[in-house]
Structures are given as structure tokens and as C-alpha cells.
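Residue-level structural notes
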Amino acid sequence: MATRNKIEIQRLNLYYGAFHALHDISMDILDRHITALIGPSGCGKSTLVRSLNRMNDLISGSRVTGSVRVDGEDIYAAKADVEKVRKKVGMVFQRPNPFPLSIFDNVAYGLRVAGVKNKSMLQDKVEQSLRAAWLWDSLKDQLHLSALTLPLDQQQRLCIARLLIIEPEVILMDEPCSALDPIATAKIEELILELKKNYCIVIVTHNMQQAARVSDYSGYMLLGDLIEYDDTKKIFTHPADQRTEEYITGRYG
């Protein structure tokens, strides 16, 4: 069965006041694949990924033109429900951001906000989410402990579990390994590859080796432009644009 587009971006421009941050971006993102956004600092990678669940709306003076369609529905349409968009398209940030609550309460947070009070359901969902984030076996007897006591890699996986419990369909990751050591990074990358079986994943990374290891498609960004977007192997071995080649080979950025 052919893989379908999960996200379709057409001529997306984003402005912060008078500053034109994203320039006419068009790209299709496949479901159950990993798409990496690479490029030097300040090129627009994080701005683009935050556009996919309207996180940039939280920045005063931001505005967009063009469209971002998730399953065919334009998330910037006047009738779009932003809360539903952010439930469907969730985000994991650079640094783990667990709440100052117990491990259990961190994971259960989203369901409780949604009004779920059934203890048995909460327990089942928390276990499912921790299993999906590869944390259940190590933490099942410590669920009462503060999430802040966990090492950084477990905190990041806990944040992923907290996202999974609300059943998103797209997971956005803005440099999820930037605060982690190489061993912890390897664990997160392995988890990302496992999650790809069920989710559309878009990851921002400064680490080109990481993009090469985990992604199916890569987009190279420069100064707000999407210079090249293609199969990751092709991007890294036979880029079509000289600017991409200069970045990949370390001559720029």
C-alpha cells in the first residue's frame, strides 16, 4: 500500500513583525516516516517545525500566509481548532521539561486535563505510554517519585510518554538530544526509530550524523529558505544543490 502524505505545506511564509522568517516553503511529509530538518543556526528549522502545530502563534506579532494541511485539513484556516491541532500534532522540546510532579502524575497529566478521572483507566494508559517510551520496566516501582529526580535521558523519554498518552498522530521533535550525552542520545534515537512504526515524526537537528542515522527524508534550510528536500541518502551522497553540498561537507555553516 502506498504511503500517504500526512502533512502538506504549500507556499508557507512566516513573519515575526516585519521580519520574514520563512520564505515560500512547500513540502510534503509522509506518514510513518522520519523527516529531518537540517541547516545552520538561525536558518528557520525550529520556526518551520513550530509552524506545524501553530506554536508560533504564541509569539507576539507572528503571522503566516500559505497553508499547512494535516490529513487534508488546513490548520491555519479560520475555522481550525488550535487545541485539537496541538493534540494531534504534539511536540518534544530541546531540553526535557517534566513537571514538578510524580512520574505517574506527569504522564497522566494530559488525560486529567481532559477530564479523565477513572483510576483504572489512568493506570492502564500510564503503563501503556511508559512501555511505548521504554520506561515501564525501569520505573514501574518508582512511579511515586518526582520526575525531576530522573536522569536527563529518562526525563526526555518521560516527556515523550506524556505526549503519547494523549494519542497524537504527528510527533515534532526540536533537537530532542541536544542536552544529552552520546549514550543517552543513542537510546532516544533507537526509540524514535521504533515510534516511526506508528507516527509521523519531524525532527530538527544540528547533528548531521543523527539525521543520516534516523531519517528517511531530509530538508536543508538556509536563511529561511528550503534549499533542498529529498531522500536522506540522496541528500547526503548526491545533493542537487551546491549549497547543500557545501553544508554537508563542512565548507559552510
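In short, a report on the structure. Just so you know, these numbers come straight off a predicted model, no measurement behind them.

Okay, a nonpolar patch on the surface next. A surface patch of nonpolar side chains, amounting to about 270 Å² of accessible area, comprises Leu101, Tyr109 and Val113. For Val113, the location among the structural elements is in helix H3 (residues 103–113).

Oppositely charged side chains may form a pair once their charged atoms are brought near each other. As enumerated under the stated definition, the model contains 18 salt bridges in all. Ionic pairing is found between Arg11 and Asp24, a salt bridge with its closest N-O pair at 3.2 Å. Linking Arg11 in strand S1 (residues 5–16) with Asp24 in strand S2 (residues 19–30), this pair joins segments that are 13 residues apart in sequence. Of the residues examined, Asp24 reaches a relative accessible area of 36% and is grouped as partly exposed. The closest approach of N and O atoms between Glu189 and Arg213, which form a salt bridge, is 2.7 Å. With Glu189 in helix H7 (residues 182–195) and Arg213 in helix H8 (residues 208–214), the pair connects residues that are 24 residues apart, well separated along the chain. A single salt-bridge network, built from bridges that share partners, covers Arg4, Lys6, Asp31, Asp71, Lys88 and Glu169.

The next point concerns helix H4 (residues 119–132). If you check H4, its first and last C-alpha atoms are 20 Å apart, about what 14 residues at 1.5 Å a residue would give, namely 20 Å. Leu122, Val126, Ser129 and Leu130 are the residues of H4 that are buried. Angularly, the buried residues of H4 cover 95° about the axis, an arc narrow enough to put them on a single face. Its side-chain oxygen at 3.0 Å from the backbone nitrogen of Ser120, Asn118 defines the N-terminal cap of H4.

A few words on the sheet that holds strand S6 (residues 89–92). The 6 strands lie next to each other as S6-S7-S8-S3-S9-S10, forming an open sheet whose pairing is mixed. Only two strands of the sheet have a single neighbouring strand rather than two, namely S6 and strand S10 (225–231). Ignoring which end each strand starts from, the neighbouring axes of this sheet average 20° apart. Against the sheet, helix H6 (residues 152–164) engages S6 and strand S7 (170–174), with an angle of about 170° to S6.

A separate point is the packing of H6 against H7. Contact geometry of H6 with H7 gives a least axis separation of 9 Å together with a crossing angle of 20°. The angle between H6 and H7 falls in the class roughly parallel. The two elements H6 and H7 meet at a crossing, and its hand is right-handed. Here Asp153, Gln156, Arg157, Ile160 and Leu164 of H6 come into contact with H7, specifically with Ala184, Lys187, Ile188, Leu191 and Leu195. Of the residues in the contact of H6 with H7, the class split is 6 nonpolar, 1 polar and 3 charged.

Burial of strand S8 (residues 200–204) is extensive: 5 of the 5 residues sit out of reach of the surface. Residue alternation in S8 divides its side chains into two sets, Cys200, Val202 and Val204 and Ile201 and Ile203, and both sets are buried. Note that strand S3 (residues 34–38) and S8 share 4 bridges and pair parallel. Its bridge partner being in S8, Ala36 is matched across the sheet by Ile203. In this sheet, S8 lies alongside S7 in parallel orientation, the contact comprising 5 bridges. For Asp174, the partnering residue across the bridge sits in S8 and is Val204. Since S7 and S8 lie parallel, the crossover through H7 that links them has a hand, and here it is right-handed.

Here is what the cut-offs are and how they apply
- Residues numbered from 1 in each chain as written.
- Predicted model: local features only at pLDDT ≥ 70, side-chain atom pairs only at ≥ 80, totals over all residues.
- Heavy atoms only, no water.
- Patch = residues over 30% accessible without salt bridge, like charges linked within 9 Å, V, L, I, M, F, W, Y side chains within 5 Å.
- Areas by Shrake-Rupley, 256 points an atom, 1.4 Å probe, with all protein chains shown as cover.
- Salt bridge = Lys/Arg side-chain N within 4 Å of Asp/Glu carboxyl O.
- Helix = DSSP H or I, 4+ residues; strand = E, 2+ residues; numbered from the N terminus.
- Buried < 20%, exposed > 50% of the residue type's maximum accessible area, 1.4 Å probe, protein only.
- Expected span 1.5 Å × (residues − 1).
- Arc of directions from axis to C-beta.
- Polar contact = N/O pair within 3.5 Å; in protein donor to acceptor, adjacent residues only side chain to side chain.
- Pairing = 2+ DSSP bridges.
- Axes fitted to C-alpha atoms, helices over the stretch in contact; angles between N-to-C directions.
- Contact = heavy atoms within 4.5 Å.
- Parallel < 35°, antiparallel > 145°, perpendicular 65-115°, else oblique.
- Left-handed = near helix turned anticlockwise from the far one by under 90°.
- Nonpolar A, V, L, I, M, F, W, Y, C, P; charged D, E, K, R; others polar.
- Right-handed = clockwise from strand over helix to strand, strands pointing away.

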